Amino acid sequence: MAKAVKAAAKAVKSPHADTVRKAVAAPMLEIPEPKLTWMNKSRQWGVRVKPGKKGLTLGSLNVGIYGEIPMDWPDQTRNPRGAIGRKGMPPVGYMLRSKAEVWADSAADLYEEAIQRRWAPATDVPWNTVKPLPDDLERAVCQVSTELSQYANVEIEVISAWQHQMVYGYHEVKQYLATAGFDAARHYEVFRKRALINGGGLGLEGAGQVNRMILESRGGWTEAVVYLVLVRGLFVQTILRYLEQYAYNEAERFIYRNVMQDKARLLTYGLDHLKFAIAHNEDQKQIIATLLAIGDGLFIRDFNDPVLREALAIIFGGSIDGARGAGMDVYHDMMRAYISTHLEYCQWLDVPRRVPEPLEQYAPQD
Amino acid sequence: MSEAEKLGPDYELDLGWMDQTGPWDTRAEESRNGLTLADIQVGEYGRVPDESDNQTGRPRGAAPRSGSYRIGNYAVRTKSEIWLDNASFLYEEALQRQWSSATDVPWHTIEPLPDDIEQAQCQMATFLTEVEFVAGDVPARWVSQTTPDFFEARQLLTAQVMDESRHMDVFRKRAMANGGGLMAATGATSGFVGSIDLSRDFTEMSARLHISGEGAVLTIFRMGELMAYNDAEKAMYRLCAQDEARHVAYGVMHMRYMAETAPERHEEINCYLDEAEAGILSGSANPAGQAPIVSEPLAILLGGGIAKFDEGFKKLVALRRRQIQEYKKRVVSAGFGARFENGRSRINEILEQAAAA
Ligand SMILES: [Fe+2]
Ligand SMILES: [Fe+2]
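Quantities reported herein were computed from a predicted structural model and do not represent experimental measurements. (Residues numbered from 1 in each chain as written. Chains lettered and ligands numbered in written order. Predicted model: local features only at pLDDT ≥ 70, side-chain atom pairs only at ≥ 80, totals over all residues. Heavy atoms only, no water.)

1. Brief notes about the interface of chain A and chain B
Between chain A and chain B, the contact holds 137 residues from the first and 136 residues from the second. Both sides of the chain A and chain B interface together cover about 11800 Å² of buried area, and 61% of this is carbon and sulfur. Our enumeration of links across chain A and chain B arrives at 8 salt bridges. With a closest N to O distance of 2.7 Å, Asp-197 of chain B and Arg-78 of chain A form a salt bridge. Applying the counting criterion to the chain A and chain B interface returns 62 residue pairs in polar contact (both at pLDDT 80 or more). Per element, the largest residue contribution to the side of chain A that touches chain B is 15 residues, and it comes from helix H5 (residues 135–163) of chain A. When grouped by side-chain class, the residues that make up the side of chain A that touches chain B number 65 nonpolar, 39 polar and 33 charged. (Contact = heavy atoms within 4.5 Å. Buried area = accessible area lost by both parts, 1.4 Å probe. Salt bridge = Lys/Arg side-chain N within 4 Å of Asp/Glu carboxyl O. Polar contact = N/O pair within 3.5 Å; in protein donor to acceptor, adjacent residues only side chain to side chain. Helix = DSSP H or I, 4+ residues; strand = E, 2+ residues; numbered from the N terminus. Nonpolar A, V, L, I, M, F, W, Y, C, P; charged D, E, K, R; others polar.)

In structure tokens form, the structure reads like this:
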């Protein structure tokens, strides 16, 4: 726990308390008779959830009626699940009101985990381990950092665009997504910091077709998750896994490792949600298959763009020369890892999938 | 045989991208607080445009691609509409001061309370869990609509969404930790004109959310010890107050930026403040306001039970005074203090009427 948090958690006397005590001597105050109409109004009283090994967690609150999570939540106010709603309140305007559209059983746990595993790019990354690199390597690292920062930007925009459209009844998901948006903001920041610290700068903006398809999947959150998680999320996770192995200093290793840890939560939520959506919507599986087939075209356009591939190959190969041999071998190996994991996930979801031409070389042979 | 030999032309490199970069030779340096956002405001990378034409989502300062699609569709592209000068500092503070409602609140210090107190505490917790996330939903929407060229402000809003998520959660936890439960929702933040949700301008929203709404809540959280019956509740209010102070600071600093850079909007902003002041005690979003569903539990908590309701109510009125004083200070600090001098603000009148009601 950070020092400031520790201090705040400790009981000390508020400097304002005396002001209030003095002001209480106010004369001539008309004090209303309390109506107490709110008293004894509870759908379930007598609840006593105790902290467990991991403290008092969000998921542990789901006891009795508070754990009843209906498939539809038509209420468009901020009535907390399990409280008594107030009639006659105009809707806030939530677009996503059914459980199948947002839910994942893991959301509550992922929320708590995200909070426990928080880190700060400013102070947790050992920046002093970044030492001058040969020009070709620095350019490659900066290019990859630029693209990863831009990927994080898309994640921030997409998550924040959907999160506020979800009804209150599924608060666990809203809360988990708050952590995911905050994670993405941190990723946006940490890759920018890496690009600007070592005599380089930002590179060329990304090719952007996958960015486009994530942002343009406006039909529903589930559809956005298909692209955000099953395609982009897994792709980034694979890149990070390889980058960690070929990092040039402890700072980079720390960054890749921690971003990967954050992204793993998003992958878990995403897969969990897609599974839930498929289980509760007859047509969902086919919709996902269609989206993936269409998405292939855009993924391939990004794939055909040489910039990211070459920058990664230089990092993996240690230089431009190295990129032409071993570096590119590692790149192709990375693509194989991505495609095969992607196919495994699709299989787990039971979504029919055929890998198109230029990516076929990466699919497992059997 | 290496794959290079197998695949041949695939292994030829174009490398044209290597010379297409933002300003090169940049060397940001760590400061006392690590490598902060402020430390990477180096050269061109620190320049924030007054108007942003970035519709492709590229990181500020990166080299653009001429063929990029305009996928951004950002509604907020004018700096003054969302900017504040110390966003970087507040964001870094937010990162340093994250806390966990599961493990940083000493829940084991909660002991059974008299029924009237527990009910008041649970009603207050229900209200807070209900309203806290309006400050998550609404900033999230603005995050999604703001150009990344203003990312420092956007980072801070993202941190606010995170903070509010924890606030929504800590009060739900409190309601269920001590033999009580959730009680009645108030509908305080529903979809009516003039609500935080429906504002179509960021500054209007911020005046209502950051300055009046969260400002009022901040005063109450800071006084948390007066309504807390154990260390868990004290910690809960104190930790929330720390976060809330940053959210209020956003509003104040943003409004100050507006005061300095957008004189053509002064009158309009004064109108938002008129509305905010009119609702500060009559609307049910302020737990020290006039709605009995929130003011009664608060008075019971402040007084120490129903039997001491009168004493509690007196404290509540003192708390309202404190809220108004702090509100005025913030508006003065934001550069709109003239309204308290020239007779435009009716805030004192509103306060006296509320006390007499
Ligand atoms: Fe809050
Ligand atoms: Fe807040």
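2. Considerations on the packing of helix H4 (residues 134–144) of chain B against helix H5 (residues 151–175) of chain B
Residues and elements named next belong to chain B. Close contact between H4 and H5 brings their axes to 8 Å; oriented N to C, the two are set at 155°. Relative to H5, the element H4 is oriented roughly antiparallel. In the crossing of H4 with H5, the sense of the turn from one axis to the other is left-handed. Residue-level contacts link Ala-135, Gly-136, Pro-139, Ala-140 and Val-143 of H4 to Arg-154, Leu-157, Thr-158, Gln-160, Val-161 and Glu-164 of H5. Tallied by class, residues from the contact of H4 with H5 come to 6 nonpolar, 3 polar and 2 charged. (Axes fitted to C-alpha atoms, helices over the stretch in contact; angles between N-to-C directions. Parallel < 35°, antiparallel > 145°, perpendicular 65-115°, else oblique. Left-handed = near helix turned anticlockwise from the far one by under 90°.)

3. Re the nonpolar core
A general tendency of soluble globular proteins is for nonpolar side chains to be buried together. Ranked by internal contacts, the top residues of the largest apolar core, which has 245 residues, are Trp-221 and Met-335 of chain A. When neighbours within four sequence positions are excluded, Met-335 of chain A is seen to be in contact with Phe-235, Phe-299, Phe-303, Leu-359 and Tyr-362 of chain A. (Core = buried A, V, L, I, M, F, W, Y, C linked by side-chain atoms within 4.5 Å. Buried < 20%, exposed > 50% of the residue type's maximum accessible area, 1.4 Å probe, protein only.)

4. Digging into the environment of Ala-120 of chain B
Positionally, Ala-120 of chain B belongs in helix H3 (residues 115–131). Separated by 177 residues in sequence, Ala-120 of chain B and Pro-297 of chain B place their C-alpha atoms 4.3 Å apart.

5. Brief notes about the coordination of the iron ion (ligand 1)
Residue and element names in this part refer to chain B. For the iron ion (ligand 1), the protein coordination sphere consists of Glu-132 (OE), Glu-164 (OE), His-167 (ND1) and Glu-244 (OE), at 1.9 to 2.3 Å. Because the angles between the 4 donor atoms bound to the iron ion (ligand 1) fall within 84 to 147°, the donor set is best described as irregular. In this model, the iron ion (ligand 1) sits 3.1 Å from the iron ion (ligand 2), the two metals being bridged by Glu-164. Linking His-167 in helix H5 with Glu-244 in helix H8 (residues 231–261), this pair joins segments that are 77 residues apart in sequence. With respect to burial, His-167 and Glu-244 carry one shared label: buried. (Donors = N, O, S within 2.8 Å, 3.2 Å for Na, K, Ca; no water. Tetrahedral: all angles 85-135°; square planar, octahedral: opposite > 155°, others 65-115°.)

6. Focus on the coordination of the iron ion (ligand 2)
All names here are of chain B. The iron ion (ligand 2) binds to the protein through Glu-164 (OE), Glu-214 (OE), Glu-244 (OE) and His-247 (ND1), with metal-donor distances spanning 1.6 to 2.2 Å. In this structure, the iron ion (ligand 2) is surrounded by 4 donor atoms whose angles at the metal cover 87 to 155°, and the resulting shape is irregular. All donors of the iron ion (ligand 2) belong to a single chain; written as a sequence motif, their spacing is E-x49-E-x29-E-x2-H. Glu-164 sits in the buried class, given a relative accessible area of 0%.

7. Some words on the layout of surface pockets
Rolling a probe over the atoms, with the probe sized like a water molecule, indicates the empty space that remains. If you add up the space inside the largest pocket, you get close to 500 Å³. Around the largest pocket sit 20 residues that line it, and Ala-161, Leu-215 and Arg-218 of chain A together with Asn-73 and Ser-144 of chain B are the ones nearest its centre. Top contributing element to the lining of the largest pocket by residue count: H5 of chain A, with 4 residues. Residue classes in the lining of the largest pocket are distributed as 8 nonpolar, 7 polar and 5 charged. (1 Å grid on protein atoms, 1.4 Å probe; cavity = no way out; pocket = protein on both sides within 12 Å on 5 of 7 lines; lining within 4 Å. Points joined across faces, edges and corners; volume = space filled by probe spheres on them.)

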